[in-house]
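# Observations on the three-dimensional arrangement
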Amino acid sequence: FVNVVAEDTVWSLGAYPADAATAVQVWPREVTLCTRLVGSSEDLVIADVRRDLRVADGVLAASGEVPYAFYAGVPLRDGDGHVLGTVCVLGGAPRELSADALGALRLLRNQAVRLLSARHERVTLEAGRSQLAERQEAFEEAMEIAGETFWDWNLLTNEMDQARYRSRMLGY
């Protein structure tokens with residue numbers, strides 16, 4: 001699943017079991033292993049979470065309430081290299097992760113980054129189109145008020161047209 005890490009919270013997207021109620025789970029940042037990857041550029045594979053000294057100081061490990069034994073995560077980086085979260089897998093039993101399986105996890109991470117980037121670009125483009133439409137509307141309103149120009153400039157297509165206002169002003 002994909003984890004997105006914020007200041008105090010971690011959102012787990014696509015966690016198992018995936019139904020409407022659990023498709024997105026929210027966790028306090030201090031109880032998740034993926035938080036350790038945010039400050040690191042390395043992949044993290046833990047064969048047995050319950051016995052690994054690297055995570056013994058974690059809230060879940062310290063309480064003895066770790067609901068899984070195996071963890072493998074790779075950092076999710078944006079275009080600037082900042083770690084936004086992780087793509088990870090959990091398992092109920094301790095195990096080693098093969099190089100091929102780690103490679104597959106990295107491929108999933110790369111796909112998640114592409115999808116997140118595409119969504120970000122789409123949202124940015126939609127915001128830009130909305131701004132252009134607002135500016136076009138303001139421009140048209142200014143032309144209506146001024147009533148002295150012959151030009152209609154479409155900011156979306158960058159085309160200019162005289163006919164629309166000329167016919168109003170000159171009566172033909």
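Residues numbered from 1 in each chain as written. Predicted model: local features only at pLDDT ≥ 70, side-chain atom pairs only at ≥ 80, totals over all residues. Heavy atoms only, no water.

This part takes up the overall build of the protein. Secondary structure assignment for the protein yields four helices and eight strands. Counting helices and strands in the order they occur from the N terminus, the protein gives β-β-β-α-β-α-β-β-α-β-β-α. Every one of the 172 residues in the protein was classed for burial, and the buried ones make up 27%. Split by element, the accessible area of the protein, about 11300 Å² in all, is 56% carbon and sulfur. (Helix = DSSP H or I, 4+ residues; strand = E, 2+ residues; numbered from the N terminus. Buried < 20%, exposed > 50% of the residue type's maximum accessible area, 1.4 Å probe, protein only. Areas by Shrake-Rupley, 256 points an atom, 1.4 Å probe, with all protein chains shown as cover.)

Considering all chains together, one arrives at zero aromatic pairs under this definition. For Arg95, the ring lying beneath its charged end belongs to Phe70, and the centroid distance is 5.1 Å. (Phe/Tyr/Trp six-rings, centres within 6.5 Å; stacked < 30°, edge-to-face > 60°. Lys NZ or Arg CZ within 6 Å of the ring centre and 35° of its normal.)

Moving on to the sheet that holds strand β3 (residues 24-28). One open sheet accounts for six strands, arranged β3-β2-β1-β6-β5-β4; its pairing is antiparallel. With partners counted over all chains shown, the strands left at the sheet margins are β3 and β4 (44-46), one partner each. For this sheet, the mean angle separating the axes of adjacent strands, direction not counted, is 20°. Taken together, the three bridges between strand β1 (residues 2-5) and strand β6 (residues 83-91) define a ladder with antiparallel strand orientation. Bridging across to β6, Asn3 finds its partner in Thr86. (Pairing = 2+ DSSP bridges. Axes fitted to C-alpha atoms, helices over the stretch in contact; angles between N-to-C directions.)

Here we take up the pattern of salt bridges. Considering all chains together, one arrives at three salt bridges under this definition. Linking Arg51 and Asp48 is a salt bridge whose minimum nitrogen-to-oxygen distance equals 3.2 Å. Assessed through its relative accessible area of 70%, Arg51 is described here as exposed. When its relative accessible area of 15% is taken as the criterion, Asp48 is described as buried. We note a salt bridge from Arg122 to Glu126, for which the minimum N-O separation is 3.5 Å. (Salt bridge = Lys/Arg side-chain N within 4 Å of Asp/Glu carboxyl O.)

Another aspect to go through is unusual backbone geometry. Look at Asn158: it is not a glycine, yet its phi comes out positive at around 65°. The residue Asn158 is located in the loop between β7 (152-154) and β8 (159-161) in this model. By relative accessible area, which is 57% here, Asn158 ends up exposed.

On to the pairing of β6, then. One ladder, built from eight bridges, connects strand β5 (residues 70-77) with β6; its direction is antiparallel. In the sheet register, Pro75 faces β6, and the bridge partner there is Thr86. From the end of β5 to the start of β6, which pair antiparallel, there are five residues, and Gly81 there has a positive phi angle of about 90°.

Our next topic: the environment of Val26. When you line up the elements, Val26 lands in strand β3. Here the alpha-carbon distance between Val26 and Val4, two residues 22 residues apart in the chain, equals 9.7 Å.

This part covers the nonpolar core. Ranked by size, the top nonpolar core spans 13 residues in total, and within it Leu33, Ile46, Val49, Tyr68 and Tyr71 carry the most contacts. Not counting residues up to four positions away in its chain, the partners in contact with Ile46 are Leu33, Asp52, Arg54, Val55, Ala69, Phe70 and Tyr71. Listed in part, the 10 residues of the second largest apolar core include Ala72, Val74, Leu76 and Ala112. (Core = buried A, V, L, I, M, F, W, Y, C linked by side-chain atoms within 4.5 Å. Contact = heavy atoms within 4.5 Å.)

Along the polypeptide, Thr86 turns up in strand β6. Owing to a relative accessible area of 0%, Thr86 belongs among the buried residues under this scheme. Not counting the four nearest positions on each side in its chain, Thr86 is found in contact with Phe1, Val2, Asn3, Cys34, Leu37, Tyr71, Val74, Pro75 and Leu76.

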